Amino acid sequence: MLHLGRKDMKHRVKMRCRAHKIMAISTKAGINVPCLRGFSANLANFASPNDTRMQLSILIPVYNFCALQLVKDLKRQAERLDVEWELIVVDDASQSNTEWMTEAGQLEGVSIVHNPYNLGRAANRNKMVEVSSGEWLIMIDSDAQVITDDFVQRFLDAAPLSRVICGRVVHPDTLPSADVTLRWTYEKEAERRMHPSVLNRQAEPPFRTFACMIHRSVFRDVRFEDSMQTFGFDDTLFGIRLYEHGYKVHYIDNPLLNVDLEPNPVYLAKVEESIRTLRNFRPMLEGHTRQLRVVRRVEQLCMGWLMRYIYKWFAAPMRRNLLGLHPSLTILNIYKLTYWFGYANR
């Protein structure tokens, strides 16, 4: 007969409570967690003090950005959870803003992984999955700021709803500075369209990587596209593959503040890069983005020549508007379409 000391007994009681909680979440979500099925037979293994399995991995991809405060805020919330957790920062070969990682790596429960060379946004997210061990993976962009005391807990509470949960990205209510008008105007309009109450009514709501929680089993079927090394549409393609494998994306009202609004010239350059990415990966994205549907319609009407004409003669005045104090989102959409035909498609 096995006899337990007081310390071991307290540990097993504590782990039994944790196991019951995770079991309840996993059962409601229809997820088979092997270490929790057959509770009586497997409790000893699950509750072993030497068990290194994690229930939750908090993952932050980083490139040339200081995420020290984000790491500290998430660690503070994770320490209040009744589950085993880890927090991993994966640095994609940053060339600047790296000093903070030394301090972050010394925090208990926090690990820093350095890629020997730059993998790109999509491949770096696959790397995060590979180096983590949690059943649930929370991915958070490095330019996020925690604005609620229960951000991590809200994700865990939502686990019964789906194997893929997305939160919200919000932006300052007032314009932070005059040089970020384009990104700020675009994102404030997008907040309305991307509210969970709107997205969850859609048959296939889009997937966003800014703040999401995904069950590890999903990555047996779906991965981010490693070959997508330029900016844009990596989350869109991942979402397409999710639906192809029968996964449903569910949004919850769990906001993070985006604190990295790029100056207008930088953001417009990223918009142009995203259009080139869309063109390069068109076969994979065809029929799944509004812009490609518009492009297809223009091609069917044989109006590409007109788009090239507009870009040739009006790109400069459109850019002046987009880089100014009062950018028009209508002009932005026209610029993106004509850029496809006038520059990116040449």
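Model, not experiment: these values are computed from the prediction.

Quick word on the overall build of the protein chain
For step 1, the next point in the chain: Regarding its fold elements, the protein chain presents 14 helices and eight strands.
For step 2, the next point in the chain: Burial analysis of the protein chain (346 residues in total) assigns 49% to the buried set.
For step 3, the next point in the chain: In the protein chain, of all internal contacts separated by at least 6 residues, the share reaching a separation of at least 24 is 76%.
For step 4, the next point in the chain: Only carbon and sulfur atoms are counted for the fraction: they give 53% of the accessible area of the protein chain, which is about 17200 Å².

A closer look at the pairing of strand 6 (residues 164-170)
For step 1, the next point in the chain: Among the seven residues in strand 6, seven count as buried, and that is most of the element.
For step 2, the next point in the chain: Sheet analysis places strand 6 next to strand 7 (residues 211-215), joined by three bridges and oriented antiparallel. The residue of strand 7 that forms the bridge with Ile165 is Met213.

Structural notes on the pattern of salt bridges
For step 1, the next point in the chain: The final tally for this structure, using the stated rule, is 19 salt bridges.
For step 2, the next point in the chain: In this structure, Asp253 and Arg168 form a salt bridge, with 3.0 Å as the shortest nitrogen-oxygen distance. Of the two residues, Asp253 sits in strand 8 (residues 249-258) while Arg168 sits in strand 6, which places them 85 residues apart along the sequence.
For step 3, the next point in the chain: The class of Asp253 is partly exposed, set by a relative accessible area of 42%.

Section: the side chain of Gln77
For step 1, the next point in the chain: Here Gln77 is to be found in helix 3 (residues 68-78).
For step 2, the next point in the chain: Residue Gln77 is classed as buried on the basis of its relative accessible area, which comes to 6%.
For step 3, the next point in the chain: Polar contacts involving the side chain of Gln77 include one to the main-chain amide nitrogen of Phe151, which spans 2.9 Å.

Concerning the packing of aromatic side chains
For step 1, the next point in the chain: Tallied over the entire structure, the rule returns 10 aromatic pairs.
For step 2, the next point in the chain: Look at Phe151 and Phe155: their rings are 5.2 Å apart centre to centre, the planes differ by 80°, and that puts the pair in the edge-to-face class. In this pair, Phe151 and Phe155 are both assigned in helix 6 (residues 151-157), four residues apart and thus about one turn of the helix distant.
For step 3, the next point in the chain: Note on Phe155: relative accessible area 0%, which makes it buried.

Observations regarding the pairing of strand 3 (residues 110-114)
For step 1, the next point in the chain: With five bridges joining them, strand 2 (residues 85-91) and strand 3 adopt parallel strand pairing. Following the sheet pairing, Asp91 is matched in strand 3 by His114.
For step 2, the next point in the chain: For the crossover from strand 2 across helix 4 (residues 100-105) to strand 3, the handedness is right-handed.

Remarks on the nonpolar core
For step 1, the next point in the chain: Counting 51 residues, the largest nonpolar core has Phe207, Leu242 and Leu285 as the members making the most contacts within it.
For step 2, the next point in the chain: In terms of residue count, helix 14 (residues 329-344) provides more of this core than any other element does, six residues in total.
For step 3, the next point in the chain: Sequence-distant contacts of Leu242, defined by excluding residues within four places in its chain, comprise Val164, Phe207, Val218, Val222, Tyr247 and Val249.
For step 4, the next point in the chain: With 37 residues, the next largest nonpolar core counts Val110, Ile138, Ala159 and Phe210 among its residues.

Some points on the confidence of the model for the protein chain
For step 1, the next point in the chain: For the protein chain, the mean per-residue pLDDT works out to 87, and 84% of the residues sit at or above 70.
For step 2, the next point in the chain: Across residues 1-52 the pLDDT falls below 50, and counting only partners more than four positions away or on other chains, this stretch makes 56 contacts in the model.

Analysis parameters
- Residues numbered from 1 in each chain as written.
- Predicted model: local features only at pLDDT ≥ 70, side-chain atom pairs only at ≥ 80, totals over all residues.
- Heavy atoms only, no water.
- Helix = DSSP H or I, 4+ residues; strand = E, 2+ residues; numbered from the N terminus.
- Buried < 20%, exposed > 50% of the residue type's maximum accessible area, 1.4 Å probe, protein only.
- Contact = heavy atoms within 4.5 Å.
- Areas by Shrake-Rupley, 256 points an atom, 1.4 Å probe, with all protein chains shown as cover.
- Pairing = 2+ DSSP bridges.
- Salt bridge = Lys/Arg side-chain N within 4 Å of Asp/Glu carboxyl O.
- Polar contact = N/O pair within 3.5 Å; in protein donor to acceptor, adjacent residues only side chain to side chain.
- Phe/Tyr/Trp six-rings, centres within 6.5 Å; stacked < 30°, edge-to-face > 60°.
- Right-handed = clockwise from strand over helix to strand, strands pointing away.
- Core = buried A, V, L, I, M, F, W, Y, C linked by side-chain atoms within 4.5 Å.
- pLDDT = per-residue confidence, 0-100.

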